[in-house]
Amino acid sequence: MKDLVTMPDSRFVRVVCRKCKNEQIIFNKVATVVKCTNCGEILAEPRGGEALIKGKVVTTFT
Ligand SMILES: [Zn+2]
């Protein structure tokens, strides 16, 4: 068996902050905690490479 294409499973997601409804586009793989630029609420946390999205995902860009 051979890997034909090694595509990193990474994409951008548009997340709405649960606290202030501010929309923010973040990467689905984060190395550090991503906070809302408006109110500081945590939007995503790193979880073994994949981000744990805390906000509401409205759009996924592939
Ligand atoms: Zn916010």
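Above this text sits the structure in question.
What you are looking at is a predicted structure, and each value in this text was computed from that prediction instead of being measured.

Examining the coordination of the zinc ion
The zinc ion binds to the protein through C17 (SG), C20 (SG), C36 (SG) and C39 (SG), with metal-donor distances spanning 2.3 Å. Coordination at the zinc ion is tetrahedral: its four donor atoms span angles of 103 to 114° at the metal. On the primary sequence, the residues serving as donors to the zinc ion are separated as C-x2-C-x15-C-x2-C. Residue classification places C39 among the partly exposed positions, given a relative accessible area of 33%.

What to know about the nonpolar core
With ten residues, the main nonpolar core is built from V13, V15, C17, I26, V30, V34, C36, L43, A44 and A51. Of all the elements in the fold, those that place two or more residues in this core are β1 (12–16) and β4 (42–47).

Quick notes on the rules
- Residues numbered from 1 in each chain as written.
- Predicted model: local features only at pLDDT ≥ 70, side-chain atom pairs only at ≥ 80, totals over all residues.
- Heavy atoms only, no water.
- Donors = N, O, S within 2.8 Å, 3.2 Å for Na, K, Ca; no water.
- Tetrahedral: all angles 85-135°; square planar, octahedral: opposite > 155°, others 65-115°.
- Buried < 20%, exposed > 50% of the residue type's maximum accessible area, 1.4 Å probe, protein only.
- Core = buried A, V, L, I, M, F, W, Y, C linked by side-chain atoms within 4.5 Å.
- Helix = DSSP H or I, 4+ residues; strand = E, 2+ residues; numbered from the N terminus.

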